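Results of the structural survey
One letter stands for each residue in the lines below.
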Amino acid sequence: VPQIALSADTVFASAPCSDSVTAPLTIYNTGDSTLFYNTTGYLIASGGILPGDSALLTLNFSSNGLAAGAYPQTPLTVNSNDPLNPVRVVSIALTVYGTGEILPAQSAVYVGAAMYGDSVSNTLMIYNTGCNFLSIADIAAATPFFTVSDTALTIAPFDSAQITITFAPDTLMLYADSLIIYNDGDSAHIVYLSGNGLGVPQIALSADTVFASAPCS
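Here is a short report on the structure shown in this document. (Residues numbered from 1 in each chain as written. Predicted model: local features only at pLDDT ≥ 70, side-chain atom pairs only at ≥ 80, totals over all residues. Heavy atoms only, no water.)

So, about the state of the cysteines. Applying the stated criterion to the full structure yields one disulfide. With its sulfur 1.8 Å from that of its partner, C17 forms a disulfide with C131. Linking C17 and C131, the disulfide has an S-S dihedral of approximately -55 degrees and is accordingly described as left-handed. Placement of C17 in the loop between β2 (10-16) and β3 (20-29) and of C131 in the loop between β12 (120-128) and β13 (134-141) is noted, with a sequence separation of 114 residues between them. You can call C17 partly exposed: its relative accessible area is 24%. Classification of C131 as buried rests on a relative accessible area of 1%. (Disulfide = S-S within 2.5 Å. Helix = DSSP H or I, 4+ residues; strand = E, 2+ residues; numbered from the N terminus. Buried < 20%, exposed > 50% of the residue type's maximum accessible area, 1.4 Å probe, protein only.)

Within this structure, the stated rule accounts for four aromatic pairs. An aromatic cluster of at least three residues, connected via ring pairs, comprises F145, F146, F167 and Y175. (Phe/Tyr/Trp six-rings, centres within 6.5 Å; stacked < 30°, edge-to-face > 60°.)

A word on the pattern of salt bridges. Per the stated rule, a full pass over the model turns up one salt bridge. With its nearest N and O atoms 3.0 Å apart, the salt bridge here joins R88 to D9. Of this pair, R88 sits in strand β9 (residues 87-97) while D9 sits in the loop between β1 (4-6) and β2, placing them 79 residues apart in sequence. (Salt bridge = Lys/Arg side-chain N within 4 Å of Asp/Glu carboxyl O.)

In this section: the nonpolar core. Ranked by internal contacts, the top residues of the largest apolar core, which has 23 residues, are V11, I27, Y37, L57, F61 and L76. Contacts of I27, omitting those with residues within four sequence positions, involve I4, A5, L6, L35, Y37, I49, D53, S54, A55, L57 and V78. If you look at the next biggest cluster of nonpolar residues, it comprises 20 residues, including I126, I136, I181 and L193. (Core = buried A, V, L, I, M, F, W, Y, C linked by side-chain atoms within 4.5 Å. Contact = heavy atoms within 4.5 Å.)

Turning to the sheet that holds strand β16 (residues 160-167), a few remarks are in order. Judged by pairing direction, the sheet is antiparallel, and its four strands sit side by side in the order β10-β12-β16-β14 without closing on themselves. Looking at strand neighbours, the two that pair on one side only are β10 (102-104) and β14 (146-148), the edges of this open sheet. Sheet twist, expressed as the average angle between the axes of neighbouring strands with direction ignored, equals 30 degrees. Examined bridge by bridge, β14 and β16 share three bridges and lie antiparallel to one another. If you follow F146 over to β16, its bridge partner there is F167. (Pairing = 2+ DSSP bridges. Axes fitted to C-alpha atoms, helices over the stretch in contact; angles between N-to-C directions.)

Next up, the structure:
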């Protein structure tokens, strides 16, 4: 009589962000005649196992496009000619782990040109290419001439956020600065900023009143 035994009733697999892994499941024949099996659900396979032998099934998992977390999978059903256990069901679960990964859309931003006493703004996209939430603790420029609309952000996995950078010069010159973005683990990312401070036009008149005189006719 064939007798089926499995290496596990539940298969757990864990994979980092955007990766692939495998997990084994072994089918044993502890009986004294050939065990014939076929599987449905998570994996399609079939075969025959001699008494005292085994068959190794390899389950493939992919975490591409998945955020960090636990993902129950379609169970694996093992059908066999074991008269006492003709159907065995194996639960399967995948756990995805990883961190948020920051990616500013640009390494440098020219904010624009403005007369001193005025301001101009531009935007910067910040992407989270990781599979976990990205926490940005602080965003700040080194000088007061550049300011940002948001100084702290939380960006969901595979998502993005836009910040506005404002440049307000106080004199006629070309400005350069560094925008420092601190994210998880106190990692710092630098985006270089520049802006052009323009002179302010000033009007002057030759006179506030114009007098004219003319002879008759």
